[in-house]
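What the coordinates show
The chain contents come next:
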2 protein chains.
Amino acid sequence: MDNSYDVVVIGGSAAGLTAAITSRRFYPEKSVIIVRKEEKVLIPCGIPYIYGTLESPLKNLVPDAVLEKNNIELLVGNVTAIDISSKTIETKKGNRIKYEKLIIATGSIPAVPPISGSEKENVYVINKDVNYLQNLLDKVESSSDMIIIGGGFIGMEFADECNKNRDINITVVEMLPCCLMIAFDEDICRQGEDILKKNGVNIITNAKVEAIVGDVKVEGVKLSDGKIIKADIVLIGIGSKPNTEIAKNSGIELGEKGSIKVNRYMQTSDEDIFACGDCCEKISFFTKKLSNMMLASIACNEARIAGANLYKNNRANEGVVGVFATAFGETALARAGLSLQEAKENGYDVVAGTAEAPNTHPGCMPGGKNLKVILIFERGTGIILGGQLIGSKSGGEMINLISACIHEKMTANNMATFQMGTHPALTASPVAYQISNAAEMAVKELRK
Amino acid sequence: MDNSYDVVVIGGSAAGLTAAITSRRFYPEKSVIIVRKEEKVLIPCGIPYIYGTLESPLKNLVPDAVLEKNNIELLVGNVTAIDISSKTIETKKGNRIKYEKLIIATGSIPAVPPISGSEKENVYVINKDVNYLQNLLDKVESSSDMIIIGGGFIGMEFADECNKNRDINITVVEMLPCCLMIAFDEDICRQGEDILKKNGVNIITNAKVEAIVGDVKVEGVKLSDGKIIKADIVLIGIGSKPNTEIAKNSGIELGEKGSIKVNRYMQTSDEDIFACGDCCEKISFFTKKLSNMMLASIACNEARIAGANLYKNNRANEGVVGVFATAFGETALARAGLSLQEAKENGYDVVAGTAEAPNTHPGCMPGGKNLKVILIFERGTGIILGGQLIGSKSGGEMINLISACIHEKMTANNMATFQMGTHPALTASPVAYQISNAAEMAVKELRK
């Protein structure tokens with residue numbers, strides 16, 4: 001194969017796929033190809049759910065039908081080089097493809113902490129690879145003591161899932177005072193921890209892992225206080241780092257944290273090359289400072305900007321709001337924007353309002369479950385900075401409503417009187433509606 | 001009792017209660033009393049659910065604990081007069097209460113069409129009264145053929161509920177070409193009808209009721225084509241009219257449709273008297289023309305404005321967006337803003353975008369169900385005018401996200417790139433997220 005396409009996208013996960021679809025929508029006359037290394041692409045956010053709910057990596061795949069539907073070609077191949085002068089990419093097998101516009105969406109790779117013993121057998125990271133994850137699944141099935149290093153979102157989701165219908169002793173080891181702490185303020189973190197604890201997951205916080213011990217195979221984890229916890233499987237889930245090897249080698253400029261530098265239009269230092277997703281640099285919507293956040297939803301958002309701007313600037317990136325959700329059993333936890341702590345750390349003078357109500361009315365309707373919402377506003381301007389919630393699964397969309405309000409810089413007063421729709425089986429009553437009331441409580445504070 | 005309060009609220013349903021709570025929040029130093037005629041207040045939107053899901057009106061009550069919590073006094077009594085010169089209200093039992101500020105939240109009463117025979121025994125309307133509704137429940141239990149006149153939201157919810165776990169033959173008679181037509185564009189109406197039909201409810205559309213027939217008791221309904229349908233119970237659910245008797249008698253100005261006239265601040269023609277909810281006049285957020293819409297959620301929104309403005313204008317009413325949802329079984333149907341038809345009727349040049357995806361990712365996650373979203377934008381400005389959805393129950397909050405976008409006059413381009421959060425168990429994938437994709441399809445049209 002030696003070919004030429006108008007638009008070449010490297011990477012076929014959330015960002016690459018969305019960028020390709022968006023460029024197809026904006027530039028229907030252009031030829032578009034995705035070059036990706038995976039035969040089958042995993043749904044990134046679904047990976048933890050392979051281990052309890054889905055029971056197989058093959059149930060967690062991005063369907064390729066969407067490529068055909070959008071007239072996007074596909075080449076499975078490992079891109080090894082980008083030649084920016086000849087505007088050509090090259091794969092490991094020697095395929096060379098010429099591009100007019102290139103989108104780099106190479107994602108991220110698991111971060112491995114500098115812990116001695118992390119190379120031992122039965123120590124896993126979260127590689128987005130079907131065979132690797134199937135192997136991990138087989139190992140989880142046959143293990144009796146599992147340690148998960150890192151109590152962030154992914155670590156906690158893995159703990160919850162691996163614990164389902166399985167006779168296994170799971171321990172999460174977290175360095176910070178509580179799990180999920182990068183995501184939520186302490187109260188909600190504790191409630192999240194409690195759900196997992198009730199399900200029998202052990203949680204050790206304020207604990208640094210000093211070494212992974214064992215002969216050839218892992219036998220346990222040694223904490224910095226000297227304590228050793230037994231394990232026949234260890235999963236490291238401490239986050240990811242941008243996958244920027246080929247970009248870097250091609251001479252494309254990287255940022256100070258090693259991500260691909262992009263401007264407001266998702267354009268790299270080469271005007272014909274765009275980047276989006278985990279591999280590219282992000283700034284905060286609020287502070288415009290660099291942001292470490294990596295989420296499939298951010299990746300898709302950036303892809304919708306990159307894909308639209310290939311031949312003309314149609315959209316601009318205002319930075320990462322940061323919206324994410326998880327669920328443990330029937331309980332959703334979600335956040336949008338700044339946490340209370342982050343807001344304070346960034347010098348905001350803040351006011352919070354809280355409201356809790358059942359997600360049905362009356363609360364005795366089937367499926368009725370409380371949903372608690374905390375909204376954070378700036379004193380003075382009254383503009384929303386963030387929101388957190390815990391409770392019923394309807395919170396999964398409610399957090400997106402909060403995100404829309406953040407995008408539009410809505411004030412507490414406007415959020416208290418925005419017109420929501422309600423229904424007995426679907427939402428809180430209009431009297432008790434959480435967003436209105438949390439905003440109203442903040443208005444009360446703001447008026448002081 | 002002969003007393004004086006700073007703030008007197010007439011009516012203890014959604015609007016009255018919310019207005020009282022809001023005035024308490026804004027004016028903590030003021031004394032607040034609700035005067036209402038009902039011993040127990042029904043949750044208005046929950047009324048249809050008494051007939052299948054809840055099984056008793058007593059399970060559908062607004063808890064009075066909220067009054068005590070907010071330091072709001074309560075008098076149960078039927079207000080018969082407002083004397084605006086002495087700033088006093090009077091109840092049937094002769095209680096006189098002096099007010100500094102008065103909020104009228106007297107709601108609505110069922111509209112009864114001028115059909116001969118509507119006075120017959122076993123013909124019911126939807127009176128918000130516990131005993132009346134218990135009596136209706138008893139009658140439903142012992143009936144074999146029920147006709148519901150009116151296939152709007154309430155009629156359809158009643159049909160769905162009365163049909164649950166009960167050996168009864170239910171027929172909905174609707175004047176328009178399909179049920180739910182005032183709420184949705186035709187495609188979604190048909191899907192809604194189909195759910196009820198599958199459950200065994202009969203639906204007759206394009207049918208005008210000419211008479212309710214029978215001797216003393218109802219025996220059937222005669223349609224204008226001469227056909228008679230057998231019935232031992234008839235429920236009229238064609239809507240409500242504002243309850244404005246005492247306001248009118250006191251000299252407060254009414255609007256041309258008989259509702260209490262209010263300004264942007266929910267103030268009536270008397271500067272110390274405010275009104276909110278079904279009893280007061282509404283205008284459209286879009287056209288600023290009079291709106292007939294009556295919803296508990298609108299009532300609460302107006303109450304939050306009225307309660308805040310009693311002593312100072314803190315908030316303004318921009319008019320009715322119109323956001324509502326219903327659910328038949330596991331399927332939610334919802335709308336915010338203008339329908340396609342309404343937008344066209346009001347002279348808008350519109351573009352629609354549609355997207356459908358499961359509410360989980362992968363779709364095989366438990367509870368995975370499709371959710372279809374239609375967004376309507378104005379050509380040229382690209383501003384959102386409305387949205388409709390049908391599918392998973394997460395739509396109940398997603399419609400509120402659409403409403404927030406309407407409030408903020410977001411454009412299709414901004415909605416396509418707004419940052420949402422996603423999670424396998426809670427939402428569509430970020431690639432397929434319905435709001436982004438429906439907006440993106442509209443962007444494609446808008447660019448033409």
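Quick notes on the rules
Residues numbered from 1 in each chain as written. Chains lettered and ligands numbered in written order. Predicted model: local features only at pLDDT ≥ 70, side-chain atom pairs only at ≥ 80, totals over all residues. Helix = DSSP H or I, 4+ residues; strand = E, 2+ residues; numbered from the N terminus. Domains from an automatic or database assignment. Contact = placed C-beta atoms within 7 Å. Nonpolar A, V, L, I, M, F, W, Y, C, P; charged D, E, K, R; others polar. Pairing = 2+ DSSP bridges. Axes fitted to C-alpha atoms, helices over the stretch in contact; angles between N-to-C directions. Least-squares fit on C-alpha atoms with pLDDT ≥ 70 in both. Buried ≥ 20, exposed ≤ 12 C-beta atoms within 10 Å, placed from the backbone. Core = buried A, V, L, I, M, F, W, Y, C linked by C-beta atoms within 7 Å. Expected span 1.5 Å × (residues − 1). Arc of directions from axis to C-beta.

**Overview of unusual backbone geometry**
All names here are of chain A. In this structure, P362 follows H361 across a cis peptide bond, with omega equal to -5°. If you trace the backbone, P362 turns up in the loop between strand 22 (350-358) and strand 23 (370-378). The backbone of N71 shows a phi angle near 55°, a positive value even though the residue is not glycine. Its place among the elements puts N71 in the loop between helix 2 (65-69) and strand 3 (73-76). Its identity is not glycine, yet N165 carries a phi of approximately 50°, on the positive side.

**What to know about the domain arrangement of chain A**
Residue and element names in this part refer to chain A. Entries for chain A in the domain assignment read domain 1 (2-108 + 241-308), domain 2 (123-238) and domain 3 (323-446). For domain 1 versus domain 3, the distance between C-alpha centres works out to 33 Å. Opposite the four residues of domain 1 that make contact, domain 3 presents five residues. Of the residues contributing to the side of domain 1 that touches domain 3, the split by class is two nonpolar, two polar and no charged.

**Focus on the sheet that holds strand 22 (residues 350-358) of chain B**
Residue and element names in this part refer to chain B. Ordered by their spatial adjacency, five strands build an open sheet running 20-21-24-23-22, and the pairing between neighbours is antiparallel. Edge positions in the sheet fall to strand 20 (323-328) and strand 22, since each has one partner strand and no second. Going from strand to strand, the sheet's axes swing by 10° on average, the running direction of each strand aside.

**Points about the relation of the copies chain B and chain A**
Overlay of chain B on chain A (RMSD 0.0 Å): rotation 180°, translation along the axis 0.0 Å. Within this description, the copies of the chain are treated as partners about a two-fold rotation axis. If distances are taken from each C-alpha of chain B to the rotation axis, the shortest is found for L401(B), at 2.1 Å.

**A word on the pairing of strand 20 (residues 323-328) of chain A**
Residue and element names in this part refer to chain A. Across the six residues of strand 20, six count as buried, placing the element largely inside the fold. Residue alternation in strand 20 divides its side chains into two sets, V323, A325 and A327 and F324, T326 and F328, and both sets are buried. Relative to strand 21 (residues 331-337), strand 20 is paired through six bridges, and the arrangement is antiparallel. From the neighbouring strand, F324 faces strand 21, where its bridge partner is R335. From the end of strand 20 to the start of strand 21, which pair antiparallel, there are two residues, and G329 there has a positive phi angle of about 60°.

**Here's the deal with the nonpolar core**
Grouped burial of nonpolar side chains is what soluble globular proteins tend to show. Formed by 307 residues in total, the largest nonpolar core has its most connected members in V8(A), V234(A), C276(A), V8(B), V234(B) and C276(B). When neighbours within four sequence positions are excluded, V8(A) is seen to be in contact with I33(A), V35(A), I89(A), I97(A), Y99(A) and L102(A).

**Describing helix 5 (residues 186-198) of chain B**
All names here are of chain B. Helix length check: helix 5 (13 residues) gives 18 Å between terminal C-alpha atoms against 18 Å at 1.5 Å per residue, within 8%. Those residues of helix 5 not exposed but buried are I188, C189, G192, E193 and L196. When helix 5 is viewed along its axis, its buried side chains cluster within an angular range of 140° and face the same direction. Against the buried residues of helix 5 lie helix 4 (153-162), strand 11 (202-204), strand 20, strand 21 (331-337) and strand 24 (384-391). Positive backbone phi, at 100°, marks G200, one or two positions downstream of helix 5.

**Here's the deal with helix 1 (residues 14-26) of chain B**
In this model, helix 1 of chain B (13 residues) spans 18 Å end to end at C-alpha, consistent with the 18 Å of a helix rising 1.5 Å per residue. Inspection of helix 1 of chain B places A14(B), A15(B), G16(B), L17(B), T18(B), A19(B), A20(B), I21(B), T22(B), S23(B), R24(B) and F26(B) among the buried residues, and these make up the whole buried set.

**Overview of the sheet that holds strand 14 (residues 228-230) of chain B**
Residues and elements named next belong to chain B. Strand order in this open sheet of three strands is 12-13-14, and the pairing throughout is antiparallel. If you trace the sheet from one side to the other, it starts and ends with strand 12 (209-213) and strand 14, each paired once. Between one strand axis and the next, the sheet turns through 20° on average, direction left out of account. Sheet topology places strand 12 next to strand 13 (residues 220-223); four bridges connect them, and they run antiparallel. Among the inter-strand pairings, A211 is bridged to a residue of strand 13, identified as K222.

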